[in-house]
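Single-letter residue listing:
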Amino acid sequence: MSLRKLWQKLTGAKPPVWVLTRPGQGEFEQVAPYYDHLMRTVPYRQWVDYVEKLLRRHQASPRKVLDLCCGTGQVGVEMVRRGYEVIGVDLSEPMVKGCSQQNPPLPAVVMDAQRLGLASGCLDLVVSLYDSLNYIIQPAGLEDCFQGVNYALGPGGLFIFDLNTEHALRSGLFTQNNLDTTDPLQYSWKSYWNPETRLCRIDMRFRWDEGEQPVQFTETHYERAYEETQIQQMLTTAGFEQINIYNAYTLNRPTRWSDRIYYVAQKPQ
Ligand SMILES: C[S@@+](CC[C@H](N)C(=O)[O-])C[C@H]1O[C@@H](n2cnc3c(N)ncnc32)[C@H](O)[C@@H]1O
């Protein structure tokens, strides 16, 4: 089935032309082919266990799911394996290509989360994991994202996402390297926190040394730290209610030392 037809079947709408053609931006471009290798120790299965725990807590039994900012589709694919109908969207074309290489492949398209073009009420659940929404660095863009998600959810639909906290971004979470290992993908990252802009800039250097010729590249990423109250306000403005927040992977309230917070927001019935 063509991507266009699949998209239509799952969302009930024709994909806008730019959905199929829009190239990604600088972030997650060069690193995309190595992303799954880089993330091979990330416990995606346990993260989906946690999402399901949140679904049970909020008495939700979704069927149609959007993996928002899906990357190479690891969360979405794990959900497909568990019987959900999942589509993915991501801004980076090379990351979206990775979705087609998963087993099973995740149907995914290039789309900006700030300009979601999905049919009204076509989804039961939207998930966005692994600090993807910190990458939307303009508050107005995140508001647009929340509005788009709300529009695409049916009555009672849930939006579950995580965000890195200011505590995580200012404490050098992303300053790290693996240069003392024999991993074929060597990386060295330095992060810089700016309290005025609330942006964390991460300068990333990579070297892949497994082919005939080593490949070297750099990427610069930006994540924004949002306040809990700001996110709650934005979600309310976008039409969500019953907004719950959790210290990641627990059912406890976040503390000031939390690195990552999960938000669960519901569209009114
Ligand atoms: C840290 S990765 C996480 C990917 C995936 N959720 C996972 O768990 O592996 C962040 C992803 O967000 C995507 N992203 C950033 N800004 C975006 C936007 N405005 N619209 C859609 N995707 C975006 C990036 O391309 C990247 O794939």
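Residues numbered from 1 in each chain as written. Predicted model: local features only at pLDDT ≥ 70, side-chain atom pairs only at ≥ 80, totals over all residues. Heavy atoms only, no water.

Visitor: Mind laying out the overall build of the chain, listing which residues take part and the relevant values?
Guide: In terms of regular secondary structure, the chain is built from 9 helices and 11 strands. Relative to the globule expectation of 18 Å for 269 residues, the C-alpha radius of gyration of the chain, 18 Å, shows essentially globular dimensions. Out of the 269 residues belonging to the chain, those deemed buried represent 52%. Residue pairs in contact within the chain that sit at least 24 positions apart in sequence constitute 65% of those at least 6 positions apart. Taken as a whole, the chain presents about 13000 Å² of accessible surface, with 46% of it coming from carbon and sulfur. Taken together, the 27 basic and 30 acidic charged side chains of the chain have centroids lying 5 Å from each other. (Helix = DSSP H or I, 4+ residues; strand = E, 2+ residues; numbered from the N terminus. Rg over C-alpha atoms; globule rule 2.2 N^0.38 Å. Buried < 20%, exposed > 50% of the residue type's maximum accessible area, 1.4 Å probe, protein only. Contact = heavy atoms within 4.5 Å. Areas by Shrake-Rupley, 256 points an atom, 1.4 Å probe, with all protein chains shown as cover. Lys, Arg positive; Asp, Glu negative; His and termini not counted. Charge placed at Lys NZ, Arg CZ, Asp CG, Glu CD.)

Visitor: Any details on the site of the ligand? Residues and values, ideally.
Guide: Taken together, 19 residues lie around the ligand, and Tyr35, Tyr44, Cys69, Asp90 and Ala113 are the ones closest in. Note that a nitrogen atom of the ligand is positioned 3.1 Å from one of the backbone N or O atoms of Leu91. Here a nitrogen atom of the ligand sits 2.9 Å away from a polar atom, N or O, in the side chain of Asp112. In the complex, 96% of the free accessible area of the ligand, which totals 590 Å², lies under the protein chains. Among the residues making up the shell around the ligand, the classes are represented as 13 nonpolar, 4 polar and 2 charged. (Near = heavy atom within 4 Å. Polar contact = N/O pair within 3.5 Å; in protein donor to acceptor, adjacent residues only side chain to side chain. Nonpolar A, V, L, I, M, F, W, Y, C, P; charged D, E, K, R; others polar.)

Visitor: Outline the packing of helix α7 (residues 139-152) against helix α9 (residues 228-237), listing residues and values.
Guide: Interaxial distance between α7 and α9 falls to 9 Å at its minimum, and their mutual angle equals 45°. On the basis of the axis angle, α7 is oblique to α9. Handedness of the α7/α9 crossing: right-handed. Contact residues: α7 offers Pro139, Leu142, Glu143, Phe146 and Gln147, while α9 offers Gln230, Ile231, Met234, Leu235 and Thr237. (Axes fitted to C-alpha atoms, helices over the stretch in contact; angles between N-to-C directions. Parallel < 35°, antiparallel > 145°, perpendicular 65-115°, else oblique. Left-handed = near helix turned anticlockwise from the far one by under 90°.)

Visitor: Got a sec to walk through the domain arrangement of the chain? Specific residues and values, please.
Guide: Interface extent is often summarised as the accessible area lost during association of the parts. We note that the domain assignment places domain 1 (3-165 + 227-266) and domain 2 (168-223) within the chain. Distance from the C-alpha centre of domain 1 to the C-alpha centre of domain 2: 23 Å. At the junction of the two partners, domain 1 supplies 18 residues and domain 2 supplies 21 residues. Both faces combined, the contact of domain 1 with domain 2 buries some 1700 Å², and carbon together with sulfur accounts for 57% of it. (Domains from an automatic or database assignment. Buried area = accessible area lost by both parts, 1.4 Å probe.)

Visitor: Could you give an account of the sheet that holds strand β10 (residues 241-247), naming the residues involved and the relevant values?
Guide: Pairing is mixed in the open sheet, where 7 strands are placed in the order β3-β2-β1-β4-β5-β11-β10. Either end of the sheet is taken by a strand with one partner, and the two such strands are β3 (108-110) and β10. Each neighbouring strand pair of the sheet contributes to a mean axis angle of 15°, computed without reference to strand direction. Note that β10 and strand β11 (residues 260-266) share 5 bridges and pair antiparallel. In the strand pairing of β11, Ile245 is matched with Tyr263. (Pairing = 2+ DSSP bridges.)

Visitor: Hey, could you go over the side chain of Lys267 for me, with residue numbers and the actual values?
Guide: Its location among the elements puts Lys267 in the segment after β11. Of the buried charged residues, Lys267 lacks a salt bridge, with Asp124 as the closest side chain of opposite charge at 11 Å. Aside from chain neighbours lying at most four places away, what touches Lys267 is Asn150, Tyr151, Leu153, Gly154, Pro155, Gly156, Gly157 and Phe240. (Salt bridge = Lys/Arg side-chain N within 4 Å of Asp/Glu carboxyl O.)

Visitor: Pulling in residues and values, what's your account of unusual backbone geometry?
Guide: Cis geometry marks the peptide bond from Asn103 to Pro104; its omega dihedral reads 0°. Along the chain, Pro104 turns up in the loop between α6 (93-99) and β3. Although it is not a glycine, Cys69 adopts a positive phi angle of roughly 60°. You can see Cys69 is positioned in the loop between β1 (64-68) and α5 (74-81).

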